[in-house]
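Summary of the model geometry
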Amino acid sequence: MRRIGIFVFYDKEGIVDEYVDKLLCSVKKIITQLYIVVNGKLTTESRKIFIKYTADIIVRENYGYDGGAYKNIILDYFSTEDWMKFDEIVLFNNTFYGPFFDMEDIFNMFSADKTIDFWGLSKWIGGESPMLHEKDLPAHVQAYFVVIKKSILQSSYWLGFWKNMSYSRTYADAIRNFEVGLTTYFSEKGFRYTTWLEEQGGGRLLQPGKVVYNEYPYKMISEYKFPVLKYKAITFFNSSQIVKIRDFIKKTYDYDMDLILNHFKRHEKYKNAAPFSNTALEEFYSKYDKIYVFGYGKYGKEMEAYFQYHGWSIYAFVVSDNLSDETMLSLKDVDLNAKDGIIIALGKKNYEEMEHILKSKFPEEQMLMPVYKRCGEKSL
C-alpha cells in the first residue's frame, strides 16, 4: 500500500504544540510519504519537530486556506504519472486532537472496501448554516481528515478538481470551494463516499444544520469509537462533555489529556471566548479564597463541570430566590468578604435582567461577569 499524506499546519505564532507531534507520530505509521505544508510561519524549534517526520516541509503564504495549500502541492509537486503509482492520499490538518487509538484498523477496513472511493471521519448532513449565510449548505465530508483512494487518483477527474478549484479568500469560501466542493464534485462524477462515524452507527447523531463534532463530542468518542476531538468543540458550553471525555480517555486510551489543555490555554488568547475565557476564570479563581457561583441553570451547571475539570472548588452556589435546594444560598443572604469572589453564571437575557441588582449588592472588582456582544457592538 503506497499511501501519501499532506498535512496542512497553521498557527498564528508558528508554534508546533505537543499534540501535533503526537498526531504526526501516530499517522506517520500508516503513511509511506508525508508532506507538511505550513500556511504562514514556522519557528526554528518547531521545524525541528517536523523534520523528525519528513524532509518535505513547505512554508508558504497563508493564501487559500487548507484547500489552497493542497492545490499547490498536488499540482506543483507531482506529475500526472505520479498519481498512477499511489493507492491513497490522506489530507489532514492540525484542527483536532488525537488520534486516541491506533487508526491502522480503520484504514485497513476502508482500504478493503471496494464500494467506496473516498472517506472521512465525520460529515455535515446538510441544512442551514447561519455562519456561512447559507439556507441549505449541501451534505459533505468534513475535510479536516479525508482519504482519497486510487479509483479517484488515477482518474482524469482528480487533477481536474484541483485545477478548477478557486483559491478562497474567506473562511466561508474555503468551506464552499474546498470542503463542500470536493464532496459534491466527486459525488457528481459517480464516486462514492462514507464516514467513520456513520460506519460505527453514529449516523443518528447527524442533524440538519448541526455540526456534529460540536454538538456530541462525548457520544462520538465514548459510544462510536471516534478517534479524535476537534478543538472547536472545547468551549465553556461543552464543559460537562469535556469532563466526561477526559475521564473516558484516561480510563480507555493511552493519551495524555494535558496535551489538549496546554494547547488550548495558549491558543485561547486569539479567540473571542464568550461568555468566559479560560484566562479570565483562572485569574479570578487564583485571586480569591472563596468562589461563589450565582446561577444554577445551564450556565451554572457548565461552570460546575468546568471547575471539576480543573480540580477547583466552588464554595457555594447562589440563586436569586425560591430555594429548592438547601445546599444553595439565597442572594439576599450572601455578603462577600474582601477575599471572596462571585462568578455570574447567567445567560444573556437573565444577566441583563440581574445586572443592576448584582452591581448594587457586590463590588464590581469581586464579580466575574459574562461577556456578551451587545446590540450594535463589534466583535473583538
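Here, every reference points to the structure presented above.
The structure contained in this document is the topic of the report that follows. Remember, it's a predicted structure, so these values are computed and weren't measured experimentally. (Residues numbered from 1 in each chain as written. Predicted model: local features only at pLDDT ≥ 70, side-chain atom pairs only at ≥ 80, totals over all residues. Heavy atoms only, no water.)

**Focus: the overall build of the protein chain**
Looking only at helices and strands, one finds 15 helices and 18 strands in the protein chain. For the protein chain, whose C-alpha radius of gyration is 24 Å, the value lies close to the compact-globule estimate of 21 Å for 380 residues. In terms of principal-axis extent, the alpha carbons of the protein chain reach across some 75 × 45 × 40 Å. Buried positions account for 54% of the 380 residues belonging to the protein chain. A total accessible area of about 18200 Å² is found for the protein chain, and carbon and sulfur atoms account for 48% of it. Considering the protein chain, the positive charge centre built from 50 side chains and the negative charge centre built from 51 side chains are found 3 Å apart. (Helix = DSSP H or I, 4+ residues; strand = E, 2+ residues; numbered from the N terminus. Rg over C-alpha atoms; globule rule 2.2 N^0.38 Å. Buried < 20%, exposed > 50% of the residue type's maximum accessible area, 1.4 Å probe, protein only. Areas by Shrake-Rupley, 256 points an atom, 1.4 Å probe, with all protein chains shown as cover. Lys, Arg positive; Asp, Glu negative; His and termini not counted. Charge placed at Lys NZ, Arg CZ, Asp CG, Glu CD.)

**Considerations on the packing of helix α1 (residues 18-28) against helix α12 (residues 258-267)**
Look at α1 against α12: their axes get within 8 Å of each other, and the N-to-C directions meet at 135 degrees. One way to sum up the angle between α1 and α12 is to call them oblique. Residues Glu18, Tyr19 and Lys22 of α1 pack against Leu259, Asn262 and His263 of α12. In terms of residue class, the contact of α1 with α12 is made up of two nonpolar, two polar and two charged. (Axes fitted to C-alpha atoms, helices over the stretch in contact; angles between N-to-C directions. Parallel < 35°, antiparallel > 145°, perpendicular 65-115°, else oblique. Contact = heavy atoms within 4.5 Å. Nonpolar A, V, L, I, M, F, W, Y, C, P; charged D, E, K, R; others polar.)

**A closer look at the environment of glutamate 13**
Counting through the fold element by element, glutamate 13 comes out in the loop between β1 (3-9) and α1. Put simply, glutamate 13 and histidine 267 are 254 residues apart on the chain and 9.6 Å apart in space, counted from C-alpha to C-alpha.

**Quick look at helix α4 (residues 104-112)**
For α4, the complete set of buried residues consists of Ile106, Phe107, Phe110 and Ser111. Angularly, the buried residues of α4 cover 125 degrees about the axis, an arc narrow enough to put them on a single face. Projecting away from the buried face of α4 at angles above 90 degrees are the exposed residues Asp105 and Ala112. (Arc of directions from axis to C-beta.)

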